[in-house]
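If you want the building blocks of each chain, they are given just below.
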Amino acid sequence: MVNVLKLDIKINKARIYKNLHLDEAGLKNPMDDIFRELTQIIKDNMKLTCIYSIADNTFSLPLCDIEDTEWKKYVICFVSANDNIDSIINGMMSSGDYLKGYILNEISTDVIFNASDEMNKIIRSEALSKGYLLSKRYAPGDGALDLSCQQVLLDALKKTVNIDAYLTESFMLFPEKSLLYLYGLYENEKAAIKSINPTLGAKTQNIKETMKNESNSDDYFGTDENCRECSNINCPYRKIR
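**Overview of unusual backbone geometry**
Between Phe174 and Pro175 the backbone carries a cis peptide bond, its omega angle lying at 5°. Within the fold, Pro175 resides in the loop between strand S6 (173-174) and strand S7 (178-186). With a phi angle near 65°, Phe171 is a residue other than glycine that sits in the positive phi range. Tracing the sequence through the fold places Phe171 in the loop between strand S5 (166-167) and S6.

Structure follows, in structure tokens:
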């Protein structure tokens, strides 16, 4: 089952300023003017593609680095922006307008992360409503999956939906502002309890209630806004999200 979402562009000014180490309260009008200008460029030129595909786990995906046989289904997730915004950013850099290019790149990256977060919440809600629990998030290149698995996931998506994206020879996604990752879905009580909190064991009788109570905690694998499972420990988004 493939789901194509229409998500609005969302820009978190406070978070962007924090990531850029700018004092929003102390900034003068010129910087605010630049931010408004670049925000409008984003709204006029950045188009989001947000897709997730849920399939039965037939163990047909060659993802041998993930030693988890308890998934009943898996979810392939893809979030991307059209290449227009990168062309504008590169044009600014080429013309020497480095400040605007740098800030525009930061805004567009934040938009992608916002869209991913919003889609993940939709996936989590759908999974819970059907009695499933999300595994931790897996992304090619983050440790458990080799970067070459980008091709496996992208090919699996392209079998069912038209995606205007491809990989370079080094398995990098194009358009550059793209995210491709994977979740597993647990169905049975033992696996679901294990993924929430290994210490709960057989003492938990009502798995749905446990899922509900734990879904907002930092120990719930399906909650990845804090990015702590990512191996890129120097990423600024890991520190501020």
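**Examining the pattern of salt bridges**
One pass over the structure, following the stated rule, counts eight salt bridges. For Asp56, the salt bridge is made with Lys73, and the minimal N-O distance between the two is 2.4 Å. Here Asp56 is found in strand S2 (residues 48-56), whereas its partner Lys73 is found in strand S3 (residues 71-81), with 17 residues between them in sequence. Put simply, Lys177 and Asp86 hold a salt bridge, and the shortest N to O gap is 2.8 Å. One end of the pair, Lys177, is in the loop between S6 and S7; the other, Asp86, is in helix H3 (residues 84-94), with 91 residues separating them in the sequence.

**As for the side chain of Asp110**
With respect to the helices and strands, the residue Asp110 is situated in helix H4 (residues 98-129). Looking at Asp110, the relative accessible area reads 1%, which means it is buried. Polar contacts involving the side chain of Asp110 include one to the main-chain amide nitrogen of Asn12, which spans 3.5 Å. A distance of 2.9 Å separates polar atoms of two side chains, one belonging to Asp110 and the other to Arg15.

**What to know about the pairing of S3**
Look at any regular strand and the pattern is simple: side chains alternate between the two faces of the sheet. Of all eleven residues in S3, ten are buried, a share of seventy percent or more. In terms of strand pairing, S2 meets S3 through nine bridges, oriented antiparallel. Within S3, the residue paired with Ala55 across the bridge is Tyr74. Here nine bridges tie S3 to S7, and the two strands are oriented antiparallel to one another. Directly across from Ser80, in S7, lies its bridge partner Ser178.

**Some points on H3**
Within the span of H3, buried status applies to Ile85, Asp86, Ile89 and Met92. Mapping the buried residues of H3 onto a view down its axis gives an arc of 120°, with all of them on the same face. Phi for Gly96, located one or two positions after H3, is positive at around 90°.

**Examining the confidence of the model for the protein chain**
Per-chain confidence: the protein chain averages 78 in pLDDT, with 70% of residues scoring 70 or above. Below a pLDDT of 50 lies the segment residues 194-226, which in the model reaches 59 contacts outside its immediate sequence neighbourhood of four places, other chains included.

**Topic: the sheet that holds strand S1 (residues 2-5)**
Strand order across the open sheet formed by five strands is S1-S2-S3-S7-S4, with antiparallel pairing between neighbours. Taken across any chain shown, the strands that pair with only one partner, and hence form the sheet edges, are S1 and strand S4 (133-134). Here S4 runs beside S7; their pairing, made up of two bridges, is antiparallel. Among the inter-strand pairings, Leu134 is bridged to a residue of S7, identified as Leu185. Packed on one face of the sheet, H4 meets S1, S2, S3, S4 and S7 and runs near 30° to S2. Strand contacts of helix H5 (residues 149-158): S2, S3 and S7, with the helix running at about 80° to S7, the strand carrying the most contacts.

**Overview of the packing of aromatic side chains**
Considering all chains together, one arrives at four aromatic pairs under this definition. When the ring of Tyr17 is compared with that of Phe35, the centres are 5.2 Å apart and the planes differ by 80°; the resulting orientation is edge-to-face. Taken together, the residues Tyr17 in helix H1 (residues 13-19) and Phe35 in helix H2 (residues 29-45) connect sequence positions 18 residues apart. Residue Tyr17 is classed as buried on the basis of its relative accessible area, which comes to 2%. Geometrically, the ring pair formed by Trp71 and Tyr138 is tilted, given 5.8 Å between the ring centres and 55° between the ring planes. Note that Trp71 is positioned in strand S3 and Tyr138 in the loop between S4 and H5, a separation of 67 residues in sequence.

Definitions and limits used
Residues numbered from 1 in each chain as written. Predicted model: local features only at pLDDT ≥ 70, side-chain atom pairs only at ≥ 80, totals over all residues. Heavy atoms only, no water. Helix = DSSP H or I, 4+ residues; strand = E, 2+ residues; numbered from the N terminus. Salt bridge = Lys/Arg side-chain N within 4 Å of Asp/Glu carboxyl O. Buried < 20%, exposed > 50% of the residue type's maximum accessible area, 1.4 Å probe, protein only. Polar contact = N/O pair within 3.5 Å; in protein donor to acceptor, adjacent residues only side chain to side chain. Pairing = 2+ DSSP bridges. Arc of directions from axis to C-beta. pLDDT = per-residue confidence, 0-100. Contact = heavy atoms within 4.5 Å. Axes fitted to C-alpha atoms, helices over the stretch in contact; angles between N-to-C directions. Phe/Tyr/Trp six-rings, centres within 6.5 Å; stacked < 30°, edge-to-face > 60°.

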